[in-house]
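Commentary on secondary and tertiary structure
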Amino acid sequence: MSTMNAQLPGVFYRRPSPEQAPFIEEGGTVEPGQLVALIEVMKTFNEVKADRSGIISKFLLGDGDEVEAGQGIVEVDEA
Amino acid sequence: MTGRSRILVANRGEIAVRIVRACHTAGHEAVAVYSDTDKNARWVRMADEALHIGGSPAAKSYLNTDAILEAAKYAEVDAVHPGYGFLSENAAFARAVTAAGFTFIGPPPEVIELMGDKASARSAATEAGVPVVPGSRPVTDTDDAVRVAEEIGYPILVKAAAGGGGRGIRPVRDATQLTEVFAGARAEAQSAFGDGTAYLERALPRARHVEVQLLADHHGNLVHLFERDCSVQRRRQKLLEEAPAPGLDERTRNELGEAAKRLGEHVGYRNAGTVEFLVDPDGRFYFIEMNTRVQVEHPITEAITGVDLVAEQLRIADGASLSLTQDSARHSGAAVELRINAEDPDNDFLPTPGEITSFEAPGGPGVRLDTALTRGEQISPFYDSLIAKLVCWGADRQQAYARARQALSEFRVEGVANTIPLHRELVDDGELTEGAVHTTWLEERS
């Protein structure tokens, strides 16, 4: 189990827009480079991409939550 | 709202400071609102009363109509000034403010609604005899698109109807290229926006962005206060603005002003608003959109006309007549505004939130600095990246730019990367300061 941290502070989003499905659900498998979330910083949306492969075991933040740089955002069971 | 009023400032940052100043100057009381992170902000310190309205993300505070109305009721204000951005062009907000018994300092909700919709704004302009960019109805297949494009004339833009903010646009130079890309553009729009509807619009290469300031009161007086050139943009975001528009001949200037007034009169405009146009290299102009609020770059119009636009907004909302007429409106000299943003010009303009460790403001004749920040304050990641607006006026354009050069050499903002170094380059670039540039000039420059 490892934790991916936010590179930037801002507002955390798990989906591309409020009406759409999340990029990935808990239990889903990720590969390095895969889009898992967005962080809105000063009205620009920055992509959060997986830097490892594994299974998403838990998101530590909800849609629309504030996030600090360096804060844990998702736990991954590494393959 | 008569005599001494209480005005709620439903905004933050430099524009909140600007509005509090205007309230106090006119003898009104200002009530500020703030989010968690803005607790000790400058406009909060300046206001007569300040109320907390929610969490730091804008959706929980400055975009929260209920929280703002609750604050307005609690503070027993008379009127609400929406500033720019946030809820300023939200007709439902304007309606809710009015329904709760407060004066909304802006145009009527129906006008916000009409001008906020691309299609209805375009129709209103056409009805008012204001030229619009030649464009089409929605087109569905390639043959149809080619037929319609012939009527409009190349080069054209294929635009996703559901796109916005510069997204979902493809430039096309001729029928061959249109045939190649049309189906793909529709599919892309379908996947990006959930709607594959596309329409075509004439592309206007090397056009300038020129906008006209309007003021209208409730007694049938409507004036234009000349124009601003906002062609220095990146990704359709304005970075440097000038008034008057350089090199614009007096006839075109008058025609633009009159066109903006026709549109304002046609839609029953009230309060301050801005009509935006593209002007092609031959001086032909086309309506793009109307902003139904005070504009970020309003200070350059104030600098060349001597009219306090926010003071006029308060007067108009108060039921008073404009303090000027079209005949008494004059412009003198030239002004330039430089937007100092917390963005790194050397790193693709990536936003740079953080603490301001050093802040030395410029000064001198004709130099105005609108900002809510100072040393030791945090630039929050939750809002836009504007640190300060540096506005320099001169008796002519050369003097305005000379003062801008001096002011930029004095201005120190440390702790976060920002656009000051880029502005130092721009004010030394003769193409800009001695000529007239178009909307893609900056992006093509480097």
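A quick note: this is a predicted structure, and the numbers were derived from the prediction, not measured.

Per the secondary structure count, chain B includes 15 helices and 22 strands. Here the C-alpha coordinates of chain B stretch approximately 65 × 50 × 45 Å along the principal axes. Burial status across chain B gives 56% buried among its 446 residues. For chain B, the accessible area works out to roughly 18000 Å², and carbon and sulfur atoms hold 46% of it. Looking at charge distribution, chain B has the averaged site of its 47 positive side-chain charges lying 1 Å from that of its 66 negative ones.

We now examine the sheet that holds strand 2 (residues 10–13) of chain A. All names here are of chain A. As summarised here, the arrangement of the four strands in space is 5-4-2-7, forming an open sheet in which the pairing is antiparallel. Of all strands in the sheet, those bounded by a partner on one side alone are strand 5 (44–49) and strand 7 (66–67). Inspection of the sheet shows strand 2 paired to strand 4 (residues 35–41) by three bridges, in the antiparallel sense. Within the sheet, the bridge partner assigned to Tyr13 lies in strand 4 and is Leu38.

With that settled, consider the UniProt feature "domain: Lipoyl-binding" (unreviewed entry) in chain A. UniProt marks residues 1–77 of chain A with the feature "domain: Lipoyl-binding" (unreviewed entry), using the numbering shown here. As annotated, residues 1–77 of chain A has a helix share of 0% and a strand share of 48%, and its two end C-alpha atoms lie 4 Å apart.

Attention shifts here to the packing of aromatic side chains. Residue and element names in this part refer to chain B. Enumeration over the complete set of coordinates arrives at nine aromatic pairs over all chains. Centroid distance Phe86 to Tyr383: 6.4 Å. Interplanar angle 75 degrees. Geometry classified as edge-to-face. Taken together, the residues span a long stretch of sequence, with Phe86 in the loop between strand 4 (79–81) and helix 4 (91–99) and Tyr383 in the loop between strand 20 (378–379) and strand 21 (386–394) at a distance of 297 residues. Here the aromatic residues Tyr62, Phe86, Phe382 and Tyr383 are joined through ring pairs into a cluster of three or more.

Of the strand pairs in this sheet, strand 4 of chain A and strand 5 of chain A are connected by six bridges, and their pairing is antiparallel. Looking at strand 5 of chain A, one finds that A:Leu35 is bridged to A:Lys49.

Residue and element names in this part refer to chain B. In terms of nonpolar packing, the biggest core is built from 53 residues, with Leu8, Trp43, Val80 and Phe93 touching the most fellow members. Here the element with the most residues in this core is helix 1 (residues 13–25); it accounts for seven residues. Here Trp43 is in contact with Asn11, Arg12, Gly13, Ala16, Val17, Val20, Ala32, Val33, Asp38, Tyr62 and Ala372, once residues within four sequence places are set aside. Within the second largest apolar cluster, 52 residues are counted, among which are Leu390, Cys392, Val416 and Leu422.

The next thing to look at is the sheet that holds strand 2 (residues 29–35) of chain B. All names here are of chain B. Pairing is parallel across the open sheet formed by five strands, whose spatial order is 3-2-1-4-5. One side of each edge strand has no neighbouring strand; the edge strands of this open sheet are strand 3 (49–54) and strand 5 (103–104). In this structure, strand 1 (residues 6–9) lies alongside strand 2, joined through four bridges in parallel fashion. By the bridge assignment for strand 2, Leu8 is matched with Val31.

Residue and element names in this part refer to chain B. For Asn11, the location among the structural elements is in the loop between strand 1 and helix 1. With a relative accessible area of 2%, Asn11 lands in the buried category. A polar side-chain atom of Asn11 sits 2.8 Å from the main-chain carbonyl oxygen of Tyr84. Apart from residues lying up to four places away in sequence, Asn11 is in contact with Ala16, Val33, Trp43, Tyr62, Pro82, Gly83, Tyr84 and Phe86.

On the chain A side, the residues contacting the 15 residues of chain B number 12 residues. The largest share of the area that chain B buries against chain A comes from B:Pro351, B:Pro381 and B:Phe382, three residues that together contribute 44% of it. Connecting chain B to chain A are zero salt bridges. Residue composition of the side of chain B that touches chain A, grouped by class: nine nonpolar, four polar and two charged.

The rules we used
Residues numbered from 1 in each chain as written. Chains lettered and ligands numbered in written order. Predicted model: local features only at pLDDT ≥ 70, side-chain atom pairs only at ≥ 80, totals over all residues. Heavy atoms only, no water. Helix = DSSP H or I, 4+ residues; strand = E, 2+ residues; numbered from the N terminus. Buried < 20%, exposed > 50% of the residue type's maximum accessible area, 1.4 Å probe, protein only. Areas by Shrake-Rupley, 256 points an atom, 1.4 Å probe, with all protein chains shown as cover. Lys, Arg positive; Asp, Glu negative; His and termini not counted. Charge placed at Lys NZ, Arg CZ, Asp CG, Glu CD. Pairing = 2+ DSSP bridges. UniProt positions renumbered as here; feature names shortened; annotations may be inferred. Phe/Tyr/Trp six-rings, centres within 6.5 Å; stacked < 30°, edge-to-face > 60°. Core = buried A, V, L, I, M, F, W, Y, C linked by side-chain atoms within 4.5 Å. Contact = heavy atoms within 4.5 Å. Polar contact = N/O pair within 3.5 Å; in protein donor to acceptor, adjacent residues only side chain to side chain. Buried area = accessible area lost by both parts, 1.4 Å probe. Salt bridge = Lys/Arg side-chain N within 4 Å of Asp/Glu carboxyl O. Nonpolar A, V, L, I, M, F, W, Y, C, P; charged D, E, K, R; others polar.

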